[in-house]
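Topology and contacts: notes
Each chain, letter by letter, is given below.
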Amino acid sequence: GGTAVQRALTQRWTADNLSAGYYDKYADRFEQMFGGPHGQIVDWLKAHAVTADIRHVIELGCGDGRALAAMAERIPEIEGWTGVDINAEIIARNQDTFADRHDLDFIAADATEWLANHAGPGTLLMTFGGVMEYMAPETLKTWFRLLAEKQGAGVLLLEPIDPKHDLASDPASHIWGWEDTYSHNHRALLEKAGYRIVKADEADFLKYRFIMMLAAPVTS
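Not measured: the values here are computed from a predicted model. (Residues numbered from 1 in each chain as written. Predicted model: local features only at pLDDT ≥ 70, side-chain atom pairs only at ≥ 80, totals over all residues. Heavy atoms only, no water.)

Attention shifts here to the environment of L146. Structurally, the position occupied by L146 is in helix α8 (residues 137-149). In contact with L146, other than residues within four places in its own chain, are T112, L115 and A116. (Helix = DSSP H or I, 4+ residues; strand = E, 2+ residues; numbered from the N terminus. Contact = heavy atoms within 4.5 Å.)

Structure (structure tokens):
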């Protein structure tokens, strides 16, 4: 089932299976993505932060924290930024690297459990570069429901999906690609969970199809 697939996928990202050196190896990808067509998500969030009263951004699967730190620098209107990751080694390094950044906080924890205990009004959930692809659709539904129940401010995502996934006619999630990860129809999942899509776009990177999306609870 989906839970077993997710367990196998997320296990790859623990400190036991993935050292902090992995993030150094692919550090240039962040610059290419954030400095390229995917950078527009910064403008989306900056504009939305004011109207939606966003006070806290939680990045699930934050990795080396560079995306979170860059977003925080460019959007000072948002006071709090928290990066959550299951890899305790990279979180420890982030805590050291960004020790002088009092707007940033890094936590080693299970995303769902942490979100349940810390999400609240003014909270936006973010993933950058590929996190939801490792999560079963049931987990995403839980994340979105938790955020809505706690009067959260929305969801911002940048995720790869199957180039053959017809988002207009296929609302389901399916396994694809060399990593056997999930291709989700994020719009369908979010709308079913009671969100409206504020912004959405696509931009390929290294021959991969990436979806960018900003969503807010219908009530906000």
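Looking now at α8. An ideal rise of 1.5 Å per residue puts 18 Å on 13 residues; α8 measures up with 18 Å between its terminal C-alpha atoms. Those residues of α8 lying buried are P137, T139, L140, W143, F144, L146 and L147. Once α8 finishes, Q151 follows within two positions and takes phi at roughly 60 degrees, a positive value. (Expected span 1.5 Å × (residues − 1). Buried < 20%, exposed > 50% of the residue type's maximum accessible area, 1.4 Å probe, protein only.)

A sheet is described by the order of its strands in space; here seven strands give the open sequence β3-β2-β1-β4-β5-β9-β8, paired in mixed fashion. Looking at the sheet topology across the chains shown, the edges are occupied by β3 (104-108) and β8 (195-202). The average undirected angle you get between the axes of adjacent strands in this sheet is 20 degrees. Note that strand β4 (residues 123-128) and strand β5 (residues 154-161) share five bridges and pair parallel. If you follow T127 over to β5, its bridge partner there is L157. This element, helix α5 (residues 66-74), spans β1 (56-60), β2 (80-85), β3, β4 and β5 of the sheet and lies at about 170 degrees to β2. Along the sheet face, α8 touches β1, β4, β5 and β8 and points at about 155 degrees away from the line of β4. (Pairing = 2+ DSSP bridges. Axes fitted to C-alpha atoms, helices over the stretch in contact; angles between N-to-C directions.)

With that settled, the discussion passes to the packing of aromatic side chains. For the structure on display, the rule yields three aromatic pairs. Measuring from ring centre to ring centre gives 5.9 Å for F144 and Y195, while their planes differ by 65 degrees; the resulting arrangement is edge-to-face. Of this pair, F144 sits in helix α8 while Y195 sits in strand β8, and the two are 51 residues apart along the sequence. Just as F144 is buried, Y195 falls in that class too. (Phe/Tyr/Trp six-rings, centres within 6.5 Å; stacked < 30°, edge-to-face > 60°.)

Moving on, we come to the pairing of β2. Along β2, six of the six residues are buried, which leaves the element largely enclosed by surrounding structure. Neither face of β2 is exposed, since G80, T82 and V84 on one face and W81, G83 and D85 on the opposite face are all buried. With five bridges joining them, β1 and β2 adopt parallel strand pairing. Its bridge partner being in β2, I58 is matched across the sheet by T82. Following the backbone out of β1, through α5 and into the adjacent parallel β2, one traces a crossover that is right-handed. Pairing analysis gives five bridges linking β2 to β3, with the strands arranged parallel. Note that in β3 the partner of G83 across the bridge is F106. The parallel pair β2 and β3 is bridged by helix α6 (residues 88-97), and the resulting crossover is right-handed. (Right-handed = clockwise from strand over helix to strand, strands pointing away.)

Let us look at the environment of M212. Checked against the element boundaries, M212 lands in strand β9 (residues 209-217). Between the C-alpha atom of M212 and that of G39, which follows or precedes it by 173 residues, the distance is 10.0 Å. Beyond its immediate stretch of four places on either side in the chain, M212 contacts P37, H38, Q40, I41, W44, L157, L158, K199, A200, D201, E202 and A203.

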